[in-house]
Amino acid sequence: MDAGTTSLAPANSTRGEWSQFATFLKRPVLPARAPLPRAASLVAVLRLFLLDVMVMAALLAIAGAVMSSGIDVPKTALADMEIGADIALAVIFFAPLAEEFAFRGWLSGRPGHVLAVLLGALVAFGAMMLSFAATTGPAEGMGVIGPAMLVGGAAGMAVAGLSVFLLRHRDAMGWFQRLFPLLFWLSAVGFASVHLFNFKPEEMMMALPLVLPQFVTGTILGYLRVNYGLWASVLLHALHNGAFIGLVLLAGSSA
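Residues numbered from 1 in each chain as written. Predicted model: local features only at pLDDT ≥ 70, side-chain atom pairs only at ≥ 80, totals over all residues. Heavy atoms only, no water.

**Re a nonpolar patch on the surface**
Convention followed: Like charges are joined within 9 Å and nonpolar side chains (Val, Leu, Ile, Met, Phe, Trp, Tyr) within 5 Å, but only among residues with over 30% relative accessible area and no salt bridge; these make up the patches. For accessible areas, the Shrake-Rupley method is used with a probe of radius 1.4 Å. Any residue's cover is judged against the shown protein chains and nothing else. Salt bridges are counted wherever a side-chain nitrogen of Lys or Arg sits within 4 Å of a carboxyl oxygen of Asp or Glu. In DSSP terms, a helix is any run of H or I states spanning at least four residues, a strand is any run of E spanning at least two, and both are numbered starting from the N terminus. Remark: exposure states derive from per-residue accessible area (1.4 Å probe, protein chains only) relative to the maximum for the residue type, with buried under 20%, exposed over 50%, and partly exposed in between.
Together, L89, F93, F94 and L97 give the surface a local cluster of nonpolar side chains, amounting to about 420 Å² of exposed area. Relative to the assigned elements, L89 resides in helix α3 (residues 85–104). In this structure L89 comes out as partly exposed when scored by relative accessible area, which is 40%.

**What to know about the nonpolar core**
Which entries qualify depends on this criterion: Each nonpolar core is a collection of buried residues, namely Ala, Val, Leu, Ile, Met, Phe, Trp, Tyr and Cys, held together in the definition by side-chain atoms within 4.5 Å. Should any heavy atoms of two residues lie within 4.5 Å, those residues are counted as being in contact.
Counting 26 residues, the largest nonpolar core has L48, W106, L107, F176, F180, L224 and L236 as the members making the most contacts within it. Where this core is concerned, the elements lending two or more residues are α1 (14–26), α2 (38–68), α4 (111–133), α7 (174–194), α8 (212–228) and α9 (230–254). It is α8 that contributes the most residues to this core, six residues altogether. Look past the residues within four positions of L224 in its chain and what remains in contact with it is A44, V45, L48, G229, A232, S233 and L236.

**What about the packing of α1 against α2?**
When two helices pack together, their arrangement is given by the angle between the helix axes and by the axis-to-axis distance. We apply this condition: All axes are obtained by fitting lines to C-alpha atoms, using only the stretch in contact for helices, and the reported angles, taken between N-to-C directions, cover 0 to 180 degrees. Any angle between 65 and 115 degrees counts as roughly perpendicular, while under 35 counts as roughly parallel, over 145 as roughly antiparallel, and the rest as oblique. In the scheme used here, Gly and all other residues not listed as nonpolar or charged are polar, with Ala, Val, Leu, Ile, Met, Phe, Trp, Tyr, Cys and Pro taken as nonpolar and Asp, Glu, Lys and Arg as charged.
Two elements in contact, α1 and α2, have axes whose closest approach is 10 Å; the angle formed by their N-to-C orientations is 75 degrees. On the basis of their axis angle, the class for α1 and α2 is roughly perpendicular. Residues T14, E17, W18 and F21 of α1 form the contact with α2, whose participating residues are A44, R47, L48, L50, L51 and M54. Of the residues belonging to the contact of α1 with α2, the class tally is seven nonpolar, one polar and two charged.

**As for α2**
Put simply, the rule reads: By this rule, a helix spans an expected 1.5 Å times one less than how many residues it contains.
Its 31 residues place the ends of α2 44 Å apart at the C-alpha level, agreeing with the 45 Å of an ideal helix rising 1.5 Å per residue. Three or more residues of α2 are buried, namely S41, A44, V45, R47, L48, L51, D52 and M56. Among the residues trailing α2, G70 stands out with phi positive, at a value near 100 degrees.

**Re the environment of L221**
Within the secondary structure layout, L221 lies in helix α8. In the structure, L221 is positioned 33 residues away from A188 in sequence and 8.7 Å away in space, judged by C-alpha atoms.

**Topic: the side chain of H113**
Counted only if it meets this: Within 3.5 Å is the distance limit for a polar contact, defined as a pair of N or O atoms, with the added protein rule that one can donate a hydrogen and the other accept it, and that residues adjacent in sequence qualify only through two side-chain atoms.
Locating H113 in the fold gives a position in helix α4. Residue classification places H113 among the buried residues on the basis of a relative accessible area of 14%. Polar side-chain contacts of H113 include one of 3.4 Å to the side chain of R225. Ignoring anything within four residues of it in the chain, the contact list for H113 reads G105, W106, S108, V164 and R225.

**Quick look at the layout of surface pockets**
In plain terms, the rule: Buried and open spaces are told apart on a 1 Å grid over the protein atoms alone, a cavity being a set of points where a 1.4 Å probe fits but cannot get out and a pocket being an open set with protein on both sides within 12 Å along at least five of seven lines. Residues with an atom within 4 Å of a point are the lining residues. Grid points are joined across faces, edges and corners, and a volume is the space filled by probe spheres set on the points.
Considering only enclosed or pocket space, the largest pocket measures out at about 1,700 Å³ in volume. Along the walls of the largest pocket sit 47 residues, with L60, T76, L210, Q214 and F244 positioned nearest its centre. Grouping the amino acids of the lining of the largest pocket by side-chain chemistry returns 34 nonpolar, nine polar and four charged.

**Remarks on α1**
What counts here: Note that the arc is defined by the directions from the helix axis to the C-beta atoms.
Between its terminal C-alpha atoms α1 stretches 19 Å, which fits the 18 Å expected from 13 residues at 1.5 Å a residue. All of the buried residues along α1 are E17, F21 and F24. Projection of α1 onto a plane perpendicular to its axis shows the buried side chains occupying an angular sector of 60 degrees, all on one side. The exposed residues of α1 that point more than 90 degrees off its buried face are R15 and K26.

Structure below.
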């Protein structure tokens, strides 16, 4: 194991967990592969969810003050969308799984995880493109979007799972450990940037400050992923999205 890696000890309090997170942000270090007790990991998720809620509340208060001053703020795609069970299910369950796999599944630096994301994405994209190429027209092409995504996603997950299994005993790569601080911040920036597509193309530049919450949440999710496991970041992501959907529904019912 590289000399620059450390193992994280479970914090004794919420303040201690937040302090460890702050220390991690000052100098992101990829920890050694030392599994923590599942109970300690769950407690860490709840402690950091509290921090996430507090940060989001502060950012929402700032956004509210800006809007009350008369400044127009771009609306997200969810703003004018009727949220039903299907959308809520996608946002709370499927989005956390897909986004954590894509943006943080590889942050462990282990060959199987890095290769799983790369091969999974390539296979899924290739399967979708082959499905589209087999169609004869735009209308037919639209009709296979759903099946193509299912086939591509299933194939990608199968290849990703095989990569993880075959390389499961490999530790983090040395070059990845050395570049980890840069890769960690790139992951957070990429996660925030992809949420710009929730806005209209002409509003993306104005929407840059509005993806700050996703950037902040991305740092918390990255910390959880490398210190407590991918399942921990998926769980916090689901809790975060669930809280967001709850606020949207609450705001809609009171309007």
